[in-house]
Amino acid sequence: MEVTDIGNKEEGKVWHRKPTPGRSVLVTVVRTALPTKTVRFLHVAFDTTGDSFLAGDHHGNIYLFDISRNRFRLVQKTGQACTALAFTLHRTTEFLVALADYTIKCFDKDTKQLVSWMRGHDGAVSSISIHSSGRYAISTSSDTAQLWDLDTFQRKRKLNIRQSVGIQKVFFLPLSNTILSCFSDDSIFAWESDTLFCKYQLPVPDAGPRISYKAFAATRDGKSLAAGGRSNLLHMWCLDRQQLVRVIQMPTQVRTVRQLEFLPDSFDGGASQTLGVLSQDGVMRFINIHTCKLLFLVGSVDEAITTVAVGPNGRHIAAIMDNGSINIYSVQSLTQELNKPPPSQVAVVSGGKADRDIRLKVKSDVVQRPARSSGRRIQVKMLRPPAGSSAEDKENELPAGLNKKRLVALLKSFGEFPAKYRMFVWRSLLCLPENHAAYSSLTDKGLHSAFLTLHDKYPIKSHKLQRGLQRVLSALAHWAAIFAEVEYLPLVAFPFVKLFQNNPMLCFEVVATVIVNWCQHWFEYFPNPPLNILSMAENVLAHHDKELLQHLVDCGITSQLYVWPLLETLFSEVLTRDEWLRMFDNIFSNHPSFLLMACVAYAISCREPLLLCSQKKDFEYFFHHRNNLDVGAMIKEAYRIMGTTPADIHPRTMLSDFMPLTSSQYPVFNQYPEFIVEYQSRERERIRLQEMEYLKERQELSALRADFVHRQAEERSHYAQQELLQKAEEQRRNILAQEEEKLAQQRRKLAAMKRELKVKELHLLDATRRRFLKHQQEIQASQIQRLDQEISRKMDLREQETAAAVQDLEVRQMELEVQRKRLEQDLLMEQARVGREVEEEVQLKMREAERADESYSELLHSAESNLQALEEPLAEAYQLGLESDWQKEVLECLQRVDAEQEKKRERLAELQRQTLAEEEKLVYTMRDVSGRKRDEVMSARAQFQEQRLSWSRAETEGEGQPLCPSRRLLHRPAASVAAKGVNTAMGGSSGTTQRQEGANMVCLNSSSPSGSTSTNFSLDRGRAHLDSSERELLKEIRELRQKLATRAKEASSASSQSAHSLSSVSQ
């Protein structure tokens, strides 16, 4: 086994030595990034041809492996691991990659460019299914499935489900518009991909253990579905009938099915028969779903397989192993390794209904690859044959444990085998070897040239039957050259093709067995009918019914007319399907000579109508069409003839016993005149080559004839076109002459019209000019009037605004005066209150002192009586101490009162300063406003006087009179604001205190100094500027009137000149 390490290469060869034939593993591909680190491959996907596939590794590298060209190359670096691949898009250079960030990207393998980026999944994408057209894709994750349009890369639909029900897989059925959705509760729904209408739901099997579907596979024709899961059972569904048709039990080593893949066949019409089952042990077992036999294995316990991809052409299998490498298998080599079919280790439960399930166990010898012995010995009970057994009993033993004698006895009892087991019994009776490798080698040669046009000679309505018949006949022709020359071979093979249409290999082996045993000596007189075989049948008929034979001879009917039609069609033209099956149940159970006896029995059973026939065409019709016949009676007659025919004329003496086909390889068939066949094949080849040459010459001649006809047609069309062009040229010249003459007339008319229009235009222009001048004069007059009105309006408005401003100022002055008076009143009241409080406190202290003095005097008076002489000095001293203490208390109270008054005086001074500042700001503001308004009013008056002066001058036509309008000035004395004060004085008990307070108080009523608060302003400020602007405005109005007068004079002169020119033109 060759191992290829691609390492960090971007391209190279897949294998360096050509794989030897018969080796199952073509090459093992590994990738090592470092000497000790291997990068695992995760997923593989084949393209539509099956000759190349994509592989994605753990580092996000996508490689393209081309098996046919033995090349690989790196097509993309995604930077993250892929979770699914798809390579069957309608644009063959594009592929889809599902990445670990839940997105799907589309790349081009040639340009290595990103085509599109599709987002929408919230989980990892587990699979991508592509529609057979390659234009739609379904991506599936654990919680949702999304349908994408691969032309626009837009999401068309999204399938959301409940969290309790997970999605197992959603995929397209091959070659159909049906979508299958499989959920974790084993429910399977079928949807129409265009409308997403639910077509049907497969019933969940009630009987048996629950499988918990995990893996699914559908045949290429979309008619069958295989499903497996956590069990060793496989369910086979018929999607046409929506019915479970078979349950296949895998070996006990299989506990869980991971993946299912059908192995395509070139000639099965999409109805794949071989199913690959990948189980938990890493071994993929390929079984036949009809025979339930294990065909071959891929992988082992030591070399376990993780995932598998099968090529659409069924030639190669790409498997990712447990160690991260890729094994590329050759399917042809895998089938050739088996010399005979492997044993069936599976059980079949057939029948769709639970009450009619029949378990059929198929046993055969175990032929497998060498495996390690487990150490346990299997005990097998050998049944010893009875003592009376003979060699004949050994000959009657058939494969699969059947006995030919018992089958014959069963057949004689019931007349036919059970329909359910007929195919199985036939395979046992014919001892079919099932040489898969030999049959594959025949089918790999393709269709034989002799049967390429089979549908022309034998048209069949069913394309599937047509292809099956063509395939079987091609295999027979590749097996023996004579079968390409036998014209009646399709008639022989057709009933078996129709019967075994789902298993072409069995069909081929049945037909080959029939030809080898029941068609002995048929081809010795080729291309003529087998006269020796016909003579045998005629001798048997002569022995058993001489009268019928004599009648046939008298009518000129030979055995070629009444025996050969039955033989070359194997009774398929004269018997119905059921009758034909009953007939061949007996033919396959007896000696090959029984077929001839059946032909003779058919003629004897129909002797009455045959004796009535006398024309040759009647006999031909009779032996080529169905007749009223009891097949059971005919079979009994055949058995009678078989047993009563003498040995000297019995066909058994000239025909060999039954010989099955050999195993491994089919036997050599050369019982025919080879020189005739070779001559015919050479002649046919020569005729074919001549036909091809003739067809080629005919095609060339047809091409030349078509070219000649085309040239003649082109020449005729050219001359006709030239004639038409000449006629058209003459017509064009005549038309041009007429058009030129008309054009000249029109030009003259146009010149006259232009002159008239010019005169009218001049008149209109003159009138328009006059109207325009008049209109301009009116507009200017209206503008002047409007200006006068605007000036007067603005003057009135300015006067109103000035009066309102003066009134506002007076109101504001009054408000300030009121506020000032209120403040003075508050101050007076506060001072009076404080004075009263101080006076009351002083009086209170004086009363307390008087009371203390009185109490002291009383004490002195009481003590004088006792101590007058001793205590007089002490009394005086004490009196002095009391007076000093009282004076100290009074001084402290006066000081506190002075401090409080000082604080109030400071507060009054601060309020006075703030009031003065506000009054100054108000005065300045009034001055500015009155000055601006005065300037605006004076400028407006000056402009108005200037305009009036210009109007008066224009009216007197330039007579200069001095304009001395009386100016009426608006003099409004401004309200002067003077600050007035209020004298405040606080009375007290002592004069010193009153004088100090009067000195510290601020007199608000005293006269303020010059320029302090009195403000006199006038509206006459800026009068000189207003006079100058008034003079400039009057000057501009005067110049404007002069310009208007000159323009009017120019317009009148121009109009007189135009009128004079018009009069001259009219003259």
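About the thresholds
Residues numbered from 1 in each chain as written. Predicted model: local features only at pLDDT ≥ 70, side-chain atom pairs only at ≥ 80, totals over all residues. Heavy atoms only, no water. Helix = DSSP H or I, 4+ residues; strand = E, 2+ residues; numbered from the N terminus. Contact = heavy atoms within 4.5 Å. Areas by Shrake-Rupley, 256 points an atom, 1.4 Å probe, with all protein chains shown as cover. Expected span 1.5 Å × (residues − 1). Buried < 20%, exposed > 50% of the residue type's maximum accessible area, 1.4 Å probe, protein only. Pairing = 2+ DSSP bridges. Axes fitted to C-alpha atoms, helices over the stretch in contact; angles between N-to-C directions. Polar contact = N/O pair within 3.5 Å; in protein donor to acceptor, adjacent residues only side chain to side chain. Core = buried A, V, L, I, M, F, W, Y, C linked by side-chain atoms within 4.5 Å. pLDDT = per-residue confidence, 0-100. Parallel < 35°, antiparallel > 145°, perpendicular 65-115°, else oblique. Left-handed = near helix turned anticlockwise from the far one by under 90°. Salt bridge = Lys/Arg side-chain N within 4 Å of Asp/Glu carboxyl O. Phe/Tyr/Trp six-rings, centres within 6.5 Å; stacked < 30°, edge-to-face > 60°. Lys NZ or Arg CZ within 6 Å of the ring centre and 35° of its normal.

This part is about the overall build of the chain. A tally of regular secondary structure across the chain gives 21 helices and 34 strands. Restricting the contact set of the chain to residue pairs at least 6 apart, pairs at least 24 apart contribute 60%. When the accessible surface of the chain is split by element, carbon and sulfur atoms take 52% of a total near 61,500 Å².

What follows concerns helix 9 (residues 504-518). Between its terminal C-alpha atoms helix 9 stretches 20 Å, which fits the 21 Å expected from 15 residues at 1.5 Å a residue. With 14 of 15 residues buried, helix 9 lies mostly within the body of the structure.

The antiparallel open sheet is built from four strands, whose spatial order is 18-19-20-21. Lying at the two open borders of the sheet, with one neighbouring strand each, are strand 18 (167-172) and strand 21 (198-202). Taken over all neighbouring pairs, the strand axes of this sheet differ in orientation by 15° on average, direction set aside. Judged from the five bridges that link them, strand 19 (residues 178-183) and strand 20 (residues 188-192) form a sheet pairing that is antiparallel. Looking across to strand 20, one finds that Ile 179 is bridged to Trp 191.

We now examine the side chain of Asp 585. When you line up the elements, Asp 585 lands in helix 14 (residues 577-588). Judged by its relative accessible area of 0%, Asp 585 falls in the buried class. Side-chain polar atoms of Asp 585 contact the backbone nitrogen of Phe 417, separated by 3.1 Å. What Asp 585 contacts, discounting residues up to four positions off in sequence, is Leu 411, Glu 416, Phe 417, Arg 422 and Trp 426.

Ordered by their spatial adjacency, four strands build an open sheet running 14-15-16-17, and the pairing between neighbours is antiparallel. The open sheet has two edge strands with one neighbour each: strand 14 (127-130) and strand 17 (154-160). Sheet twist, expressed as the average angle between the axes of neighbouring strands with direction ignored, equals 20°.

Turning our eyes to something else, we now look at the nonpolar core. Counting 102 residues, the largest nonpolar core has Leu 476 and Phe 483 as the members making the most contacts within it. Setting aside its immediate chain neighbours within four residues, Phe 483 contacts Phe 451, Leu 476, Ala 477, Leu 489, Ile 515, Phe 523 and Phe 669.

The predicted model of the chain has a mean per-residue pLDDT of 79, with 81% of residues at 70 or higher. Between residues 338-392, whose pLDDT stays under 50, and residues either more than four places distant or in other chains, the model counts 81 contacts. Taken as a whole, residues 958-1021 scores under 50 in pLDDT and shows 97 contacts with residues more than four places along the chain or in a different chain.

Here we take up the packing of helix 10 (residues 531-544) against helix 15 (residues 594-605). Between helix 10 and helix 15, the least distance of the axes is 9 Å, while the angle of their chain directions is 45°. In terms of orientation, helix 10 and helix 15 fall into the oblique class. Every pair of crossing elements has a handedness; the one defined by helix 10 and helix 15 is right-handed. Contact with helix 10, carried on its side by Ile 533, Met 536, Ala 537, Val 540, Leu 541 and His 544, involves Leu 596, Met 597, Val 600 and Ile 604 of helix 15 and no other residues of that element.

With that out of the way, let us pick up the pattern of salt bridges. Overall, the coordinates contain 30 salt bridges when judged by the stated rule. The residue Asp 545 makes a salt bridge to Arg 607 at a minimum N-O spacing of 2.7 Å. With Asp 545 in the loop between helix 10 and helix 11 (546-554) and Arg 607 in helix 16 (residues 607-612), the pair connects residues that are 62 residues apart, well separated along the chain. A salt bridge links Arg 711 to Asp 707, with the shortest nitrogen-to-oxygen separation between them at 3.5 Å. One end of the pair, Arg 711, and the other, Asp 707, are both in helix 19 (residues 674-955), four residues apart, so they sit about a helical turn from each other.

The full count for this structure, using the stated rule, is 39 aromatic pairs. For the ring pair Phe 183 and Phe 189, a centre distance of 5.9 Å and an interplane angle of 70° mean the geometry is edge-to-face. For Phe 183, a relative accessible area of 8% gives the class buried. Linked through ring pairs, Trp 426, Phe 496, Trp 518, Trp 580, Phe 584, Phe 588 and Phe 658 together constitute an aromatic cluster. In this structure, Arg 119 packs its charged tip against the face of Trp 117, placed 4.1 Å from the ring centre.

Here we come to the pairing of strand 11 (residues 94-99). With six of six residues buried, strand 11 lies mostly within the body of the structure. The two faces of strand 11 match: Glu 94, Leu 96 and Ala 98 on one face and Phe 95, Val 97 and Leu 99 on the other face are all buried. Relative to strand 11, strand 10 (residues 82-86) runs antiparallel, the two sharing four bridges. Residue pairing in the sheet places Ala 86 in a bridge with Leu 96 of strand 11. Where strand 11 meets strand 12 (residues 104-108), five bridges bridge the pair, whose relative direction is antiparallel. Bridging from a neighbouring strand, Leu 96 pairs with Cys 106 of strand 12. The hairpin turn running from strand 11 into strand 12, its antiparallel successor, is four residues long, and Tyr 102 in that turn takes a positive phi close to 70°.

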